[in-house]
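Commentary on secondary and tertiary structure
Now for the letters of each chain:
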Amino acid sequence: MNLEPLEIRADLKPVLEYLLEHRGFDFSGYHPPMLERRVRQRLEALSCHDFTAYYSYLRGNKDEIDKLLDAVTINVSRFFRDTLTFELIADQVLPWIIQEKNRTGDTSLRVWSAGCSRGEEPYSVAIIIHELLIREKQPVNQHIFATDIDLNVLKDAHEALYPASSIKNIKYRLLNKYLIPDKDCFRLIPEIRQKVSFSRYDMLDRKYGVPPESVFGDFDLVLCRNLLIYFSFEYQELIFKRLHRALADRGYLVLGMAETPPMAFRHHFKRVFEFSPIFQKS
Ligand SMILES: C[S@@+](CC[C@H](N)C(=O)[O-])C[C@H]1O[C@@H](n2cnc3c(N)ncnc32)[C@H](O)[C@@H]1O
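What follows concerns the site of the ligand. Residues in contact with the ligand amount to 22 residues; listed here are only the nearest, Ser77, Gly115, Ser117, Arg225 and Asn226. For the shell around the ligand, the per-class residue count stands at nine nonpolar, seven polar and six charged.

Below, the structure is given as structure tokens:
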């Protein structure tokens with residue numbers, strides 16, 4: 001396999017520089033073919049002949065930048081996305097973590113959802129933890145941090161109002177208990193909303209290795225799902241180094257279905273289940 005970094009084509013570079021200058025989004029580490037495909041969607045929607053023509057359009061139409069960002073940062077998510085993975089988190093991983101905490105007398109439980117989009121993922125974990133702790137006798141202080149690069153999705157995450165498409169994987173019992181119908185949508189109850197702290201954090205941030213709000217990492221569980229697919233190999237490695245450091249000893253990392261640790265990290269993470277991308281720091 002050729003692991004040489006792929007070059008971003010020259011006529012796409014001004015478009016990316018424009019995004020950096022006007023919105024602070026640095027896409028230089030993203031997988032070039034993915035970027036090209038996404039920007040091309042905008043070209044086609046506007047019938048622009050090439051990237052240069054699109055760049056002129058972008059500079060002359062102030063509404064276009066948001067449409068471009070939407071096309072490049074795909075925010076698709078849903079509650080309990082990948083049913084098996086979330087069942088394993090609920091039935092195995094979190095009970096193991098809590099059991100170990102009880103054994104050692106550690107009362108804090110730290111979770112990070114990196115690339116959380118509109119909050120469906122961290123809220124799913126918050127629901128699971130809430131359900132598990134109902135049965136627990138020991139007090140547990142939970143801290144669920146959720147971060148994304150995109151301020152618009154973080155705003156939606158705070159609102160916690162979801163269309164029907166976001167909730168189609170939720171069990172009826174949980175839907176009834178935690179989401180309230182609101183016109184055509186569903187709103188998460190405040191008790192779960194207040195368990196998650198959202199903040200903006202770029203996974204390639206040069207200053208902080210973990211979200212500054214979390215102060216230090218030491219996470220028992222990190223979910224970084226359907227985000228690595230955006231990045232070129234070298235940046236995937238950088239993000240993995242960061243995720244590895246952010247985890248507590250023997251902490252768990254959950255990836256997206258199509259993602260695996262890069263070669264250099266295979267011996268730092270042990271795969272826990274054959275059919276689900278859940279790994280333990282080793
Ligand atoms: C496809 S969504 C995944 C949402 C959720 N983790 C899931 O699997 O359902 C990918 C998210 O990663 C975010 N993202 C992209 N680049 C990022 C970066 N450099 N730092 C932090 N988040 C980023 C996007 O804004 C988007 O919300």
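One open sheet holds the seven strands; their spatial order is S6-S2-S1-S7-S8-S10-S9, and the pairing between them is mixed. The sheet is open, and its two edges are formed by strand S6 (196-200) and strand S9 (269-273), each paired on a single side. Averaged over all pairs of adjacent strands, the angle between strand axes in this sheet comes to 25°, irrespective of strand direction. Contacting strand S1 (108-114), strand S2 (141-148), S6 and strand S7 (219-224), helix H6 (residues 120-134) crosses the sheet at an angle of about 170° to S2.

What follows covers the packing of helix H5 (residues 83-104) against H6. The geometry of H5 relative to H6 is characterised by a closest axis approach of 10 Å and an angle of 55° between their N-to-C directions. With respect to H6, the axis of H5 lies oblique. The handedness of the crossing between H5 and H6 comes out as right-handed. Each of Phe86, Ile89, Ala90, Leu94, Pro95 and Ile98 in H5 lies in contact with H6, whose residues at this interface are Ser124, Ile128, Ile129 and Leu132. In terms of residue class, the contact of H5 with H6 is made up of nine nonpolar, one polar and no charged.

Judged by pairing direction, the sheet is antiparallel, and its three strands sit side by side in the order S3-S5-S4 without closing on themselves. Only two strands of the sheet have a single neighbouring strand rather than two, namely strand S3 (161-162) and strand S4 (179-182). Across two bridges, the pairing between S3 and strand S5 (residues 185-188) is antiparallel. Looking at the pairing, Leu161 lines up with Arg187 of S5.

Moving on to the pairing of S5. On S5, burial follows the alternation: Phe186 and Leu188 on one face are buried, whereas Cys185 and Arg187 on the facing-out side are not. Direction of pairing for S4 relative to S5: antiparallel, over a ladder of four bridges. Looking across to S5, one finds that Ile180 is bridged to Arg187.

Let us now look at the environment of Asp91. By the element assignment, Asp91 lies in helix H5. What makes Asp91 exposed here is the crowd of 12 C-beta atoms within 10 Å. C-alpha of Asp91 to C-alpha of Glu17: the two residues are 74 residues apart in sequence and 46 Å apart in space.

Looking at the protein, the domain boundaries give domain 1 (13-72) and domain 2 (83-281). The C-alpha centroid of domain 2 is placed 30 Å from the C-alpha centroid of domain 1. Counting residues at the interface gives seven residues for domain 1, matched by six residues for domain 2.

Here we come to unusual backbone geometry. The phi dihedral of Ser117 is positive, around 50°, even though this residue is not glycine. Positionally, Ser117 belongs in the loop between S1 and H6. Residue Ser117 is classed as buried on the basis of its 26 C-beta neighbours within 10 Å. One non-glycine residue with positive phi stands out, namely Ala160, at about 55°. Here Ala160 lies in the loop between helix H7 (151-159) and S3.

Cut-off values and rules
Within each chain, residues carry numbers counting from 1 in the order of the written sequence. Only residues with pLDDT of 70 or above have their local features reported here, since the model is predicted, and side-chain atom pairs are shown and tallied only from 80 upward, although totals for entire chains, interfaces and linings are computed over all residues. As a rule, any residue with its backbone-derived C-beta atom within 6 Å of a molecule or strand is reported as near that molecule or strand. When residues are grouped by polarity, Ala, Val, Leu, Ile, Met, Phe, Trp, Tyr, Cys and Pro land in nonpolar, Asp, Glu, Lys and Arg in charged, and all others, Gly among them, in polar. Strand pairing follows a simple DSSP-based rule, namely that at least 2 bridges must link the two strands. Helix and strand definitions follow DSSP, with helices as H or I runs of at least four residues and strands as E runs of at least two, each counted in order from the N terminus. The angle between two axes is taken between their N-to-C directions and runs from 0 to 180 degrees, where each axis is a line fitted to C-alpha atoms and a helix contributes only its stretch in contact. Contacts are defined on C-beta atoms placed from the backbone: any two residues whose C-beta positions lie within 7 Å are in contact. An angle counts as roughly parallel when it lies under 35 degrees, as roughly antiparallel when it exceeds 145, as roughly perpendicular when it falls between 65 and 115, and as oblique in every other case. Handedness of a helix crossing follows the sense of rotation of the near helix relative to the far helix, less than a right angle counterclockwise being left-handed and clockwise being right-handed. Think of it as a crowd count around each C-beta: if 20 or more other C-beta atoms lie within 10 Å the residue is buried, if 12 or fewer it is exposed, and in between it is partly exposed, with C-beta placed from the backbone throughout. How far each domain reaches was decided by an automatic or database domain assignment.

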